[in-house]
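# Observations on the model geometry
One-letter residues, chain by chain:
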Amino acid sequence: MSSRGAASSSGGPQLGTSDSSKRISKKPKYSRFTQQELPACKPILTPGWVIATFIAVGIVFIPIGLASLFASQRVVEIVHRYDEECVPPIFSGDQLAFIQSSITNKTCTKNFTVPKQMKGPVYVYYQLDNFYQNHRRYVKSRSDKQLRSKAGELDISTCKPEATTGNNSPIVPCGLIAWSLFNDTYGFSVKNKVLNVSKKNIAWKSDQEHKFGSDVYPKNFQSGGLIGGGKLNASIPLSEQEDLIVWMRTAALPTFRKLYGKIETDLEANDEITVVIQNNYNTYSFGGRKRLVLSTTSWIGGKNDFLGIAYLTVGGFCIFLAIGFLLLYVIKPRPLGDPAFLSWNRNPSGIMN
Amino acid sequence: MASERPLLIPSPRVPNTQDLFTVPVLLDLFKSNSGRRVSFSGMETKNPAENSSSVEGTLNSSSSRRSILSTHSKASGGGGNSIREVTFADLGSKPVRHGSRGADSEGLSASQKEISDEDARLIYINDPVKTNEKFEFAGNSVRTSKYSFITFFPKNIFEQFHRVAYIYFLVIAVLNQLPQLAVFGRGVSVLPLAFVLSVTAIKDAYEDYRRHRSDRIENNRLASVLVNNQFQPKKWKDIRVGEIIKIHAGETLPCDMVLLSTSDPTGVAYVQTVNLDGESNLKTRYAKQETLFKMPEKEKVTGLIKCEKPNRNIYGFHANMEVDGKRLSLGPSNIILRGCELKNTEWGIGVAVYAGRETKAMLNNSGAPSKRSRLETHMNIEIIILSLFLITLCTIVSACALAWLLRHKNELNYLPYYRKKDSAGEDYNYYNVGLEILFTFLMSVIVFQIMIPISLYISMELVRVGQAYFMIRDTKMYDEASNSRFQCRSLNINEDLGQIKYVFSDKTGTLTENKMEFQRVSIWGVDYSGAKSQIEPVGYSVQVEGKVIKPKMNVKTDPELLQLSERRNDTKEGRHVYDFFLALAACNTIVPLVTDTSDPTEKMIDYQGESPDEQALVYAAAAYGFMLIERTSGYIVIDIQGERQRFNVLGLHEFDSDRKRMSVILGCPDKSVKVFVKGADTSMFGVIDKSLNMNILRATESHLHDYSSLGLRTLVVGMRQLSASEFERWHSSFEEASTAVIGRAALLRKVASAVENNLCILGASAIEDKLQQGVPEAIESLRIAGVKVWVLTGDKQETAISIGYSSKLLTSKMTQIVINNNSKESCRKSLEDAIVMSKKLMTVNGVTDNTGGSSEASPTPVALIIDGTSLVYILDSELEEQLFQLASKCSVVLCCRVAPLQKAGIVALVKNRTADMTLAIGDGANDVSMIQMADVGIGISGQEGRQAVMASDFAMGQFRFLVHLLLVHGHWNYQRMGYMILYNFYRNAVMVFLLFWFVLCTAFTLTTAISEWSSMLYSIIYTSLPTIVVGILDKDLSRRTLLKYPQLYGAGQRHECYNAKLFWLTMVDTLWQSAAIFFIPLLAYWGSSIDISSLGDLWILAVVILVNLHLAIDVIRWTWTTHAVIWGSIIATFICVTVIDALPSLIGYWAIFDVAKTATFWLCLLASVIVGLIPRFVVKYLYQYYSPCDVQIAREAEKFGNLREVGDVQIEMSAILGPQRR
């Protein structure tokens, strides 16, 4: 700051200290903004408002809770864990050996009954437990550039440790995620009639169109020493490999479902469904569980009572609070803005202390 | 002080010439009639400036320490402070110095010192080459800019990284660059730092550009400089030390220069120093007689100036000049400083001694020392707690990760989501458990980095700028009289204004206007009080050369006295009146300036002077027909009842704080020589001849007592006729003293004392020091607000007490404890007694009565009055503690007769012993040390120059604005800032906990569900603006309520808006809220096919809505800006999340579109936000309704309008609200 600046700083933004400018009044212009007197709404938490708010929350939440609970109840869901059962008893001591062996018969047939009528489409999911698809090492091990176009084929720097084969040729699709592609398959039949499972449109349209290129074909996939999971047909472009696309939308939580396919027909109650499972996927090495899920859907999604219960609880609690506040207000009201409550009026010597 | 080494230059005592001229002069004197006689015949006029005023004044507090005993100058009522010396060389044209007042007096005790060679700089006049060859003196080019084009980037970056916060940013960003640790993309992680750095850099660059521009203009101005014996225009930047410069009227000085000669034959130059110290009156500067007639164009002027090293003291200069073999000493009146303007003088020639950055003006530019706000200091504790949180979180994550790794040690290579070995069979990105854990720890620091709210520091700065904007723009703090707005000179301590507990105020110019009004007069034992006549004064005027001359200010006159004064010398009474007013008109250093008015037949006479007391006296004399018309060096012309008379000023002893009086020796037209003395009563009664007129003396004394009990400032006037022999004796000793080199000030003081004795008392004058508008009301408000007001003044005790009463500082209900002591022991005793007494008073009257229900019901307040002499013994000794104990029991403390440094000492006394905030307010140079010492320093931009303003944090025009500043803006600022800090802690911590919960679900591997862009934008775009806007605009109470109930100010003093309890409550709330928004979606989506990006989008939206709604619940005043910014932020977040999810290169491509189609998403969003907010809402309501704080009740009262008037709390606020109320 210079002396000139210092001298003129008294003028605030108006510069110039010459004699002529002294005549100009530096009085700040009045505006409601600069005087901080803009029109304003000054809400105060009065008992009326607070009680009304809680009642309103209750009134909104309880019906939502009921509706979602009802919707959730209507969803029919068949969950069937098969990872243990599908290991032949002789291998029960060493499940790992069973799953890693290439000669064991991994086919496993199961039957279950449809408890209620299931309107089509019935969604077929596989559910994995204890599988950290959100593991940092896992999540990062992919190359979106490579997936998107042929030009990015060599863009594999982020894919380690599954970037290249032993002889340094790039793997397409590279990375741990693709490498660990889930590869159990399910075949359904009702009363000896094969149930058609549609594997089309199980992935997001946006992924198929923009993230997985139609000119990118699998290359060197699953050819290394360690086989992680499913193999891909090298003649089908990635944009058509919907199982891969679904798999590569990594799950948020360690227990997750992924869409396997859709059964477009209705399933009647007490229908006996036979599932032929190709139990290929190795979850035995880390104690993961595999489940097969058949589920209908509703506006709330799958079967999920939590939201309904939560809404009912919160709504009920709010109503309870509202009633409590109301009682409190009736029992012990305080006149608002009563100066008698001001500290210096309650305790006259308050100022001196 | 004298140098040990012999000086190079022989002592310039020149008795021969002096003695030679004495006789003719004396003859001349006694012969002379009133006719004008000018003779320049080589007569030597000794310059008066070589008094001891080369003092490191108040600017330099360390050196002014020695002046602790000197009394506050302006309060002592006298004229200028510097000793005035006039020699007798020439009667016709004698230089009279109306020298600069101010800091000079501070160091009178430091007598003339010699400059040792090491401390000196040598300047060869007119030989810049030789001057500069040995020493590297600064050129005259000034650079206020900080950077050049090339150095800008590195220097600016370097400076910015002085802040710890930025280093934290940098460390985080660097950590993130390590491949093992890269949590976020490399670009993304640098973004916040880059953003902050570039915003600051752009701001700095712009400011520096403006400085460059003004530097360029300044440096390229032209001045005429002597080159090859001709004055040629030269750019300012090329001027060098040692060069001879010619300045014409109206031009600004390019550098500090010693005057050699001026257009005035006596060597006087008038300068205006408004750019330097803000004082607009003209100051006189002198050229040395020895150099006065040298014409640099014709003959080569050579010489050597030996002067002190550049320093900041604008009132001090100390040098010797050797010219023509003579050694002359130079003082502050011989130098003109850069930035001054030459006025009323055709030209002046000088030699540059300090140039460029070494000029005093530039050295004084370093602004006020930066202070840190108390809130920020408190905040540091919470920052440390947050750091501990951060470390705890990181440790938890690392420990869990360790446990996980150990448990899965053997499976690592088989885990499909881990795969330790790559295809070549080598460990990929896995070192060993120890390193893995270290990396996990560092990564978690990166992920949780916003736990330390760096953005808060930036927000705080922006908020302070906004608050300052509103304070500056406040029409209620605009001073019409001085046309000055409020100024924020320091941007760091806005919120401290809301927590002040002690106000230390200067009196003169702060509480009072420093506009003196002549009120009463006692002449020859008769009291003439103007109160008898209520008629508007008719301005006295005289006719001169067909034109009417009027004084600028009219003074109330007493009709009786007016008659007497018109009768002139006829009666004995009349003669006394005549002498009295002659003394008033003559015994001063006022310069009359005759200016034209709009009416061509009228002229206005304006008395310019440095002491407002003197101005008032001269105006009063003019009103009674003794109009000072002209003052030249050597004589004055006074129009006495229409008859012009010329008085030769034979000698003048200026005011100094030891004698506390000044005197002038006049050669009257009737050829008599008289000495007129005026001064403080204490000093005058000692020199008055008591044998004469005892009755009159007594009467005067009682009048003086009356006056001072009315709060008037009194001066006693005396005179004596000098016989020829007396005069001669005085004259020779005066000559001797004024040419002395060493100890001149003391010698002169001795000479003055010799002549100022056996005086005949003429009378006494009483001047009212008018209180500023609204001061009593302001003090009352502050008192009710629980602010202790201490007044520190240099005035005498009676005056201070009377001002105390008139300003409502003291009330009749108070018990006064007065401490006046002369020794340490007596101080100790009276302090002990006083403490006992005050305790008794507190307990006896401690019984409260419940009827009043107001502040009046408190115990008897105690007022402490203590004087400077006692403080000398108390401060810096073990008695300090006792004084503090006593003072803290008193509601009012008045300190009288305190020196500037004692003021700072008293502030320090309180500041060091309590955690309470102190504020010092003052207007003069003597308040600078106090202003800098206090937590908040406020300068009054009044009449007394800019010293106080320059040192202050805030500056304003009037004392009463303090009420608006503290009770209104201070309260608002504190409330806003306190809330903002808490909110920022909360906001960032919610995000951190959200991330932390998720980390627990990812095998402790620090995956973030929220996309990295969103995490980074969270504190930049999603949530930053609302808190800043609320921090600037929200206000809990209206100005009206705050002024009506000053007690509401207590909220800040009690730290209601920001304290440890609130911090911990906020943190608990944070934990709940983060849990709510994390676990509701988690449970709803457990075992579903949700992907990580969709859930991340849900969480970021939930947290942003939650955080903004949280703010919305707390907003007190909803203006359109608040609405825009809060809802705007939520909308902006939706837009940003959508945009981020529309980028196919990112992993979360299209997630938001997909997930937003499902009902669960919206239900989760709603439920988590509501559940998160319910506890806070409930607690807030219960607290506000059942345990309301004062602010809350006042808010309700404001809204529902049932503000009952609460009896005597009501005070008249109109004066504080000011005339421009809307």
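Cut-offs used in this document
- Residues numbered from 1 in each chain as written.
- Chains lettered and ligands numbered in written order.
- Predicted model: local features only at pLDDT ≥ 70, side-chain atom pairs only at ≥ 80, totals over all residues.
- Heavy atoms only, no water.
- Helix = DSSP H or I, 4+ residues; strand = E, 2+ residues; numbered from the N terminus.
- Buried < 20%, exposed > 50% of the residue type's maximum accessible area, 1.4 Å probe, protein only.
- UniProt positions renumbered as here; feature names shortened; annotations may be inferred.
- Polar contact = N/O pair within 3.5 Å; in protein donor to acceptor, adjacent residues only side chain to side chain.
- Pairing = 2+ DSSP bridges.
- Disulfide = S-S within 2.5 Å.
- Axes fitted to C-alpha atoms, helices over the stretch in contact; angles between N-to-C directions.
- Parallel < 35°, antiparallel > 145°, perpendicular 65-115°, else oblique.
- Left-handed = near helix turned anticlockwise from the far one by under 90°.
- Contact = heavy atoms within 4.5 Å.
- Nonpolar A, V, L, I, M, F, W, Y, C, P; charged D, E, K, R; others polar.
- Domains from an automatic or database assignment.
- Buried area = accessible area lost by both parts, 1.4 Å probe.
- Salt bridge = Lys/Arg side-chain N within 4 Å of Asp/Glu carboxyl O.
- Patch = residues over 30% accessible without salt bridge, like charges linked within 9 Å, V, L, I, M, F, W, Y side chains within 5 Å.
- Areas by Shrake-Rupley, 256 points an atom, 1.4 Å probe, with all protein chains shown as cover.

### A closer look at unusual backbone geometry
Here the bond from Gly120 of chain A into Pro121 of chain A is cis, since omega is -5 degrees, no more than 30 degrees from zero. Summarising the element assignment, Pro121 of chain A is placed in the loop between strand 2 (107–113) and strand 3 (122–129). Of the consecutive residues Val172 of chain A and Pro173 of chain A, the connecting peptide bond is found in the cis state with omega at -15 degrees. Take Pro173 of chain A: it is sitting in the loop between helix 6 (144–148) and helix 7 (176–179). Phi angles above zero are rare outside glycine, and Asn758 of chain B is one such case at about 50 degrees. Backbone geometry at Leu1006 of chain B places phi at a positive 60 degrees, although glycine is not the residue there. Given the relative accessible area of 0%, Leu1006 of chain B is considered buried.

### Examining the UniProt feature "binding site: Mg(2+)" (unreviewed entry) in chain B
Residues and elements named next belong to chain B. Using the residue numbers shown here, the UniProt feature "binding site: Mg(2+)" (unreviewed entry) corresponds to Asp506, Thr508, Asp923 and Asp927. For the residues just named, distributed over 422 residues, the greatest C-alpha separation is only 10.5 Å, placing them together at one site. Locating Thr508 in the fold gives a position in the loop between strand 15 (500–506) and strand 16 (512–523). Relative accessible area serves as the criterion here: at 1%, Thr508 is assigned to the buried category. As for its placement among the helices and strands, Asp923 is situated in the loop between strand 33 (917–922) and helix 25 (928–933). We classify Asp923 as buried; its relative accessible area is 1%.

### So, the side chain of Thr165 of chain A
In this fold, Thr165 of chain A is placed in the loop between helix 6 and helix 7. Engagement of the side chain of Thr165 of chain A in a polar contact is seen with the side chain of Ser169 of chain A, the distance being 2.9 Å.

### Points about the pairing of strand 21 (residues 602–608) of chain B
Residue and element names in this part refer to chain B. For strand 20 (residues 591–596) and strand 21, the ladder comprises six bridges, and the chain directions are antiparallel. Its bridge partner lying in strand 21, Asp596 is registered against Lys603. Linking strand 20 back to strand 21 in an antiparallel pair, the connection comprises five residues.

### Some points on the state of the cysteines
Residue and element names in this part refer to chain A. Counted by the stated rule, this structure contains two disulfides over all chains. Across the disulfide, Cys86 is cross-linked to Cys108 (sulfur-sulfur distance 2.0 Å). Here Cys86 and Cys108 share a disulfide; its torsion about the S-S bond, -55 degrees, makes the bridge left-handed. Linking Cys86 in the loop between strand 1 (77–81) and helix 4 (95–100) with Cys108 in strand 2, this pair joins segments that are 22 residues apart in sequence.

### Here's the deal with the packing of helix 27 (residues 961–1000) of chain B against helix 32 (residues 1060–1085) of chain B
Residues and elements named next belong to chain B. Taken N-terminus to C-terminus, the directions of helix 27 and helix 32 make an angle of 40 degrees; their axes are 8 Å apart at the nearest point. One element, helix 27, and the other, helix 32, form an angle in the oblique class. Every pair of crossing elements has a handedness; the one defined by helix 27 and helix 32 is right-handed. When helix 27 is examined against helix 32, the residues Leu982, Phe985, Tyr986, Ala989, Val990, Phe993, Leu994, Trp997 and Phe998 are found in contact with a partner set consisting of Leu1062, Phe1063, Thr1066, Met1067, Thr1070, Leu1071, Gln1073, Ser1074, Ala1075, Ile1077, Phe1078 and Phe1079. Here the contact of helix 27 with helix 32 is composed, by residue class, of 17 nonpolar, four polar and no charged.

### Considering the UniProt feature "transmembrane region" (unreviewed entry) in chain A
The residues that UniProt annotates with the feature "transmembrane region" (unreviewed entry) are residues 49–71 and 309–331 of chain A. Its end C-alpha atoms 32 Å apart, residues 309–331 of chain A is made of 100% helix and 0% strand.

### Observations concerning the domain arrangement of chain A
All names here are of chain A. By domain assignment, chain A separates into domain 1 (44–75 + 300–333) and domain 2 (76–296). For domain 1 versus domain 2, the distance between C-alpha centres works out to 41 Å. The partner domain 2 presents five residues to the four residues of domain 1 that form the contact. Taking both partners together, domain 1 and domain 2 bury about 330 Å²; carbon and sulfur atoms supply 44% of that area. The largest share of the area that domain 1 buries against domain 2 comes from Arg74, Val75 and Lys303, three residues that together contribute 79% of it. Viewed at the interface, domain 2 and domain 1 are joined by zero salt bridges. Counted by class, the side of domain 1 that touches domain 2 contains one nonpolar, one polar and two charged residues.

### Describing the pairing of strand 2 (residues 222–227) of chain B
Residue and element names in this part refer to chain B. Direction of pairing for strand 2 relative to strand 3 (residues 230–235): antiparallel, over a ladder of six bridges. The partner of Leu226 across the bridge, within strand 3, is Phe231. With antiparallel pairing between neighbouring strands as the criterion, strand 2 and strand 3 make up a hairpin whose turn holds two residues, including Asn228 at a positive phi of roughly 50 degrees.

### Here we look at a nonpolar patch on the surface
Taken together, Ile323, Leu326, Leu327, Tyr329, Val330 and Ile331 of chain A make up a surface patch of nonpolar side chains, about 620 Å² in accessible area. When you line up the elements, Tyr329 of chain A lands in helix 10 (residues 305–331).

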